[in-house]
Amino acid sequence: MKKGSAPLPKKAKPLNQPSGSVIQNTPPARAFRVSIDSATVRQIAHLARIGVAEQQLPALAAELNGVLDFVGQLAAADIGAVEPLAHPLDETLSLRDDVVSSIDQRDAFMRLAPDAQSGLYLVPKVIE
Amino acid sequence: MSLRSVAQLAQDLSARRISARELAEESLARAEKNQALNAFVTRCENVAMAAAAVADARLAAGNSDVLTGIPFAHKDIFCTNGIRTSCGSRMLDNFVPPYDATVSRQLNDAGAVLVGKTNMDEFAMGSSNESSFYGPVQNPWDTTRVPGGSSGGSAAAVAAGIVPFATGTDTGGSIRQPAAFCGITGLKPTYGRVSRLGMIAFASSLDCGGVLARSAEDCAHVLAAIAGHDAGDPTSSTRDADDYLGGLNQPLAGLRIGLPRAYFGAGIAQGVGSVVHTALAELEKLGAVLIEVDLIHADLAIPTYYVIAPAEASSNLARYDGVRYGYRCANPTSLEDLYTRTRAEGFGAEVKRRILVGTYVLSAGYYDAYYLRAQRARRLIANDFNAAFAQVDVLAGPTTPTVAFKLGEKSSDPLAMYAADINTVAMNLAGLPAISVPAGFSDGLPVGLQLIAPAFAEARLLNVAHRLQQATDWHTRTPEIAHG
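Computed from a predicted model, the values in this text were never measured in an experiment. (Residues numbered from 1 in each chain as written. Chains lettered and ligands numbered in written order. Predicted model: local features only at pLDDT ≥ 70, side-chain atom pairs only at ≥ 80, totals over all residues. Heavy atoms only, no water.)

> Hey, could you run me through the overall build of chain B in this one?
Counting secondary structure elements, chain B contains 15 helices and 11 strands. Against the compact-globule benchmark of 23 Å for 484 residues, chain B has a radius of gyration of 21 Å, which places it among compact chains. Taken along its principal axes, the extent of the C-alpha atoms in chain B is 65 × 55 × 45 Å. Across the 484 residues in chain B, those meeting the buried criterion constitute 68%. Taking as baseline every contact in chain B between residues at least 6 positions apart, the subset at least 24 positions apart corresponds to 76%. For chain B, the computed accessible surface area is about 14,100 Å², with 48% contributed by carbon and sulfur atoms. Looking at chain B, you have 40 positive and 46 negative side-chain charges, and the mean spots of the two groups are 2 Å apart. (Helix = DSSP H or I, 4+ residues; strand = E, 2+ residues; numbered from the N terminus. Rg over C-alpha atoms; globule rule 2.2 N^0.38 Å. Buried < 20%, exposed > 50% of the residue type's maximum accessible area, 1.4 Å probe, protein only. Contact = heavy atoms within 4.5 Å. Areas by Shrake-Rupley, 256 points an atom, 1.4 Å probe, with all protein chains shown as cover. Lys, Arg positive; Asp, Glu negative; His and termini not counted. Charge placed at Lys NZ, Arg CZ, Asp CG, Glu CD.)

> Would you mind going over the side chain of Ser 215 of chain B with me for this structure?
Residue and element names in this part refer to chain B. By secondary structure assignment, the location of Ser 215 is in the loop between β6 (208–213) and α7 (216–226). A distance of 3.1 Å separates a polar atom in the side chain of Ser 215 from the backbone nitrogen of Asp 218. For Ser 215, the residues in contact, after removing those within four places along its chain, are Thr 185, Gln 469 and His 475. (Polar contact = N/O pair within 3.5 Å; in protein donor to acceptor, adjacent residues only side chain to side chain.)

> How do you make sense of the interface of chain A and chain B when you look at a structure like this?
Facing 67 residues of chain A, the contacting portion of chain B comprises 73 residues. Summed over both partners, the interface of chain A with chain B buries about 6,300 Å², with 70% contributed by carbon and sulfur atoms. Scanning the region where chain A abuts chain B turns up 3 salt bridges. Arg 353 of chain B is paired through a salt bridge with Glu 63 of chain A; the nearest N and O atoms lie 2.6 Å apart. Here chain A and chain B share 18 residue pairs in polar contact (both at pLDDT 80 or more) between them. (Buried area = accessible area lost by both parts, 1.4 Å probe. Salt bridge = Lys/Arg side-chain N within 4 Å of Asp/Glu carboxyl O.)

> Sorry, what's going on with a nonpolar patch on the surface here?
Residues and elements named next belong to chain A. Taken together, the side chains of Val 123, Val 126 and Ile 127 present a nonpolar region at the surface, about 270 Å² in accessible area. Looking at the secondary structure, you find Ile 127 in the segment after β2 (120–121). Overall, Ile 127 belongs to the exposed group, its relative accessible area being 70%. (Patch = residues over 30% accessible without salt bridge, like charges linked within 9 Å, V, L, I, M, F, W, Y side chains within 5 Å.)

> How should the packing of helix α1 (residues 38–47) of chain A against helix α2 (residues 57–71) of chain A be read in this particular structure?
Helices that pack against each other are described as a pair by the angle of their axes relative to one another and the distance between those axes. All names here are of chain A. In contact at an axis separation of 9 Å, α1 and α2 are set at 85° when each is read in the N-to-C sense. Classified by the interaxial angle, the pair formed by α1 and α2 is roughly perpendicular. Between α1 and α2, the contacting residues are Ser 38, Val 41 and Arg 42 on the first element and Leu 57, Pro 58, Leu 60, Ala 61 and Leu 64 on the second. A per-class count over the contact of α1 with α2 returns 6 nonpolar, 1 polar and 1 charged. (Axes fitted to C-alpha atoms, helices over the stretch in contact; angles between N-to-C directions. Parallel < 35°, antiparallel > 145°, perpendicular 65-115°, else oblique. Nonpolar A, V, L, I, M, F, W, Y, C, P; charged D, E, K, R; others polar.)

> Looking at this structure, how should I read unusual backbone geometry?
Of all residues except glycine, most have a negative phi; of all peptide bonds, most are trans. All names here are of chain B. For the peptide bond that leads from Gly 149 to Ser 150, omega is 10°, which places it in the cis range. Within the element layout of this structure, Ser 150 appears in the loop between β3 (113–118) and α5 (152–159). Here the phi dihedral of Asn 38 falls at roughly 60°; this positive angle occurs in a residue that is not glycine. Along the chain, the position of Asn 38 falls in the loop between α2 (20–33) and β1 (40–43). Residue classification places Asn 38 among the partly exposed positions, given a relative accessible area of 22%. Even without glycine at this site, Ala 124 takes up a positive phi of about 65°.

> Explanation requested: the confidence of the model for chain A in the structure shown.
As a note on interpretation, predicted positions should not be read in detail where pLDDT is low. All names here are of chain A. For chain A, mean pLDDT is 78; residues scoring 70 or higher make up 73% of the total. Contacts of residues 1–22 to residues separated by more than four positions or lying in other chains number 43 contacts, the stretch itself having pLDDT below 50. Ignoring residues within four places in sequence, the model shows residues 24–31, a span with pLDDT below 50, making 14 contacts including any to other chains. (pLDDT = per-residue confidence, 0-100.)

Take a look at the structure:
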């Protein structure tokens, strides 16, 4: 992960991101008992692309602080520097044979789109 | 009918004492009659009758499997070709998958008859089934109480005698906890034992498909149909599945059962603890030896889980953007507006809370302090189990700290809800198989005994649970509603 602060993107970016996304006013990594405020919630919500009404921000900040405070117990625990465990399966992931495994289902998947035309997904205009 | 076991029903079917069609009709009628439980999001009469006809033809041709003609329900998280798969969310209220999950295909191939898709906490995030877009499910033992979650509809449907088994998924206890609350048997297999292809993702390193049924033997029949490697899921194990039925009657003499002190701690209701000790005494009578053990990092399990699960969820649920499938907000004014309003309107409060927590703990500057630290704690938790299994064959304890709580009792307090997962989340972190079996009653409500085994020792778990169920009758108790 990158550290430090960078300006938030002005234009909407694809959703598959959070790595590399940055919360402004980043405290040191060890500071657990952070109390996040409405501005931070607004920023997290922006990163997650979830609309939150201004008047809901303080209540949401209180809820998130409750959860973050709770998981902050990890800060006080004697965890040491054991190897992080990302995945429980102690096996090398298997590779498939390099053969065609499924038929073309483009039409079936395009039919699920809320708005599509000529085999393209339609979204509001991005470039003026 | 559905109070009979899978094995009994299979015998009746193959002897032609009853037809798959009759069983399907009976199951659908019971689902209809018990609509107030809200166990089903979708009932599929036509699909069921067509599958029953195929099953009857197979039975007549002598080309049947033990599950052929047996009615069942899928948790609405398993994709079913042509049948709406909502995951309990407004986001997928209109989603009709064009393909089957591997588990769906396996059960179809076995000839089991799908009668409906069951209600669940939204995207499997919850321990009470109250976060569903389709409303809460009632516990068949006391309709003012929760059935547990997130596989609450599946547990209620089995407990109410609507189906003899149902599928479920377990990310932090979502099969075992509702099984305990509803007085049935629920098996969470080892991570990677059952394919996740077509099982809608919540937290990909924790999610496990499994089964809820009336007995360990019935769980073994279903596990036999769904266990095994799937080339479509590279995280499914390449190990061969074991013979889950062949070893059910192994004697338990000399079996070492470890009792983690942490699982009998102060948070465990007295009634629950004493019921579980009674069940353990039954296992002792069968020759098992009880040994107290320590899982020294047990208290880290919940905070670790509530960092890792939301982190993975925030990443997995990024796909719901209103562009390719699922809900889209009305009249978006820009792409940003399309994303943010679709997600604000399509997701419920608990899902949004977890996405926001996950986004926060993965963001630069916080990643090391939360996510990386949680992954280290996860290693310690897994190591504790390895150390324990050097001394004992299985671990045991109460599945849940209390019996089923009242609807609404914890729905406004996420932390109280998370605390109810105290005895179930660690197995998902470590990837271990675990089963909840009925152990008796406290205040008239079912109590679950949880048994935990080393990775891929499902056959051992099922053996212990089956022997207990041969010697006791708690699993045969049914709520009033199942007879009405």
